[in-house]
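Examination of the molecular architecture
Given next are the chains, with one letter for each unit.
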Amino acid sequence: MLIYPVFIPFQGCPFRCIYCQQETITHHASDSFTIDTEKIKQFIHKNAGIDKEIAFFGGTFTALKPEVQKQLFSQTLKLLDDKTSFRISTRPDFINKNILSFLKENHVRTIELGIQSFQENVLKQSYRGYTVNQATEACKLIKENHFKLCIQLMPGLPGDRIETFLKSAEIALSLKPDYLRLYPTIVLKGTELERMYHEGLFDPWNLDEALLAVSAVVKKTEVSPTKIIKIGLHSDLNITKKEVISGPWHQNFGELIKGILLLEKCLSHVKQAKILYISPFDASLLLGNQKYVLDFCKNKLSLKLPEKIIVDKTLKKESYYIQEINMEEI
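Residues numbered from 1 in each chain as written. Predicted model: local features only at pLDDT ≥ 70, side-chain atom pairs only at ≥ 80, totals over all residues. Heavy atoms only, no water.

On to the pattern of salt bridges. Any two side chains of opposite charge can pair if their charged atoms end up close together. Counted under the stated rule, the structure contains 16 salt bridges. Between aspartate 208 and lysine 300 there is a salt bridge, with the nearest N and O atoms lying 3.9 Å from each other. Separated by 92 residues along the polypeptide, aspartate 208 in helix α9 (residues 207–222) and lysine 300 in the loop between α12 (292–299) and β11 (308–311) bring together distant segments of the chain. Take lysine 300: its relative accessible area is 45%, and that puts it in the partly exposed class. For glutamate 264, the salt bridge identified is with lysine 219, shortest N-O distance 3.4 Å. One end of the pair, glutamate 264, is in helix α10 (residues 253–267); the other, lysine 219, is in helix α9, and 45 residues separate them in sequence. Judged by its relative accessible area of 38%, lysine 219 is partly exposed. (Salt bridge = Lys/Arg side-chain N within 4 Å of Asp/Glu carboxyl O. Helix = DSSP H or I, 4+ residues; strand = E, 2+ residues; numbered from the N terminus. Buried < 20%, exposed > 50% of the residue type's maximum accessible area, 1.4 Å probe, protein only.)

So, about the sheet that holds strand β2 (residues 52–57). Taken in spatial order, the seven strands line up as β1-β2-β3-β4-β5-β6-β8 in an open sheet, and their pairing is parallel. What marks the edges here is a single partner per strand, and that holds for β1 (2–7) and β8 (227–231). With direction set aside, neighbouring strand axes in the sheet form an average angle of 20 degrees. The sheet contact formed by strand β5 (residues 148–153) and strand β6 (residues 179–182) spans four bridges and is parallel. In the strand pairing of β6, cysteine 150 is matched with tyrosine 179. Contacting β4 (108–116) and β5, helix α6 (residues 132–144) crosses the sheet at an angle of about 170 degrees to β4. (Pairing = 2+ DSSP bridges. Axes fitted to C-alpha atoms, helices over the stretch in contact; angles between N-to-C directions. Contact = heavy atoms within 4.5 Å.)

Position of glutamate 112 relative to the elements: it lies in strand β4. Of the polar contacts made by the side chain of glutamate 112, one reaches the side chain of arginine 87; its length is 2.7 Å. Not counting the four nearest positions on each side in its chain, glutamate 112 is found in contact with Phe57, Arg87, Ile88, Ser89, Thr90, Cys150, Gln152, Arg181 and Ile229. (Polar contact = N/O pair within 3.5 Å; in protein donor to acceptor, adjacent residues only side chain to side chain.)

Before going further, it helps to spend a moment on the environment of glutamate 137. Checked against the element boundaries, glutamate 137 lands in helix α6. Linking glutamate 137 and lysine 230, residues 93 residues apart in sequence, is a C-alpha distance of 24 Å.

One broad trend across soluble globular proteins is that nonpolar side chains are buried collectively. Phe56, Leu103, Ile111, Phe118 and Ile151 are the most contacted members of the largest nonpolar core, which totals 74 residues. Ranked by residues supplied to this core, first place goes to α10 with nine residues. The contact partners of isoleucine 151, leaving out residues within four places of it in the chain, are Leu113, Ile115, Phe118, Cys139, Ala172, Leu175, Pro177, Tyr179, Leu180 and Arg181. Among the nonpolar cores identified, the runner-up in size contains 12 residues, and Cys20, Met154, Leu193 and Phe202 belong to it. (Core = buried A, V, L, I, M, F, W, Y, C linked by side-chain atoms within 4.5 Å.)

Turning our eyes to something else, we now look at the packing of α10 against α12. Closest axis-to-axis distance for the α10/α12 pair is 9 Å, and the angle between their directions is 55 degrees. One element, α10, and the other, α12, form an angle in the oblique class. You can see that α10 and α12 cross each other, and the crossing is right-handed. Along its contact with α10, which presents Leu256, Gly259, Ile260 and Leu263, the element α12 presents Tyr292, Val293, Leu294, Phe296 and Cys297. Here the contact of α10 with α12 is built from residues that sort into eight nonpolar, one polar and no charged. (Parallel < 35°, antiparallel > 145°, perpendicular 65-115°, else oblique. Left-handed = near helix turned anticlockwise from the far one by under 90°. Nonpolar A, V, L, I, M, F, W, Y, C, P; charged D, E, K, R; others polar.)

With that settled, consider the sheet that holds strand β12 (residues 320–324). Two orientations exist for strands paired in a sheet by backbone hydrogen bonds: parallel and antiparallel. Reading across the sheet, the three strands line up as β11-β10-β12 and stay open at both edges, with mixed pairing between neighbours. The two strands at the open ends of the sheet, each matched to only one other strand, are β11 and β12. Going across the sheet, the axis of each strand differs from the next one's by a mean of 20 degrees, ignoring polarity. As judged from the five bridges shared by strand β10 (residues 273–278) and β12, these two strands associate in the antiparallel manner. Residue isoleucine 278 lies in a different strand from β12, and its bridge partner there is tyrosine 320.

The next subject is the confidence of the model for the chain. Across the chain, pLDDT averages 91, with 92% of residues at or above 70. Throughout residues 26–30 the model reports pLDDT below 50, and contacts reaching past four residues in sequence, or to other chains, amount to 14 contacts. (pLDDT = per-residue confidence, 0-100.)

Within the secondary structure, glutamate 53 is located in strand β2. Taking relative accessible area as the criterion, glutamate 53 reaches 0% and is therefore assigned buried. Engagement of the side chain of glutamate 53 in a polar contact is seen with the side chain of arginine 109, the distance being 3.3 Å. What glutamate 53 contacts, discounting residues up to four positions off in sequence, is Met1, Leu2, Ile3, Tyr4, Phe43, Ser85, Phe86, Arg87, Arg109 and Thr110.

In structure tokens form, the structure reads like this:
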């Protein structure tokens, strides 16, 4: 699915969430959400005949006044072709039948819910302002009204642990969303979470904890009808070390996850690999990022790494073969 993002930072939000710093995430100020209709027109024309969406991100869309929502829709409705619709992002406590009817009338196809956790204590400690029951009912209502549903989860919020995040993910997948986004919680400068961190009220996960938790959920999702459309913050956000106070931030977090899962797959059916031959398309997953994936799989997953990893230019993406160690060589 092709998506053209339109950022409306903080618009409609009942309050600023403890982790939120939309100026950093989107590089848009809270009052700068003018729609560039010319660029949208080009996007639609360039991708004629392909399913695509104009997406309103960064705020709580359905908490905006109806006339403001209508104004945002009307700026681009006349540009839509039969393969283009809208995607909106909102909170579960701003979903009801009337809201969904209004969205359907305005060509919304996909609704993203920033649920973040399906654990009551995590929602309370993170001051989310809704309950697990409200979150699950909103998901069900969206599905019943034939929208595409995307659930956003944030592992590592206050009160969250690896095991509680895994439970949240199980609940999310049981609701059969079409899409899932996974954003490990990081402490950004200028947020309430930064204050909590400095005062010793919040202990963020480290990178390895986040990789363990998220990789486990990705494996579960791969055998479900749900598709993961994003893991970690976008790599092109130009977040600097000064803006990240603490937490499991890595510019290539999603790539690390892919590398971990690929190496597990390669080594899962052999006792000991002498040489692992991989595709040039996958080389960066295993050998890039200062070989973080290799170190992680050895130290955290106790995988027996191959003696050598060789790039075979004849292999296609995600293809590999292994030369095992002959027992006589040991």
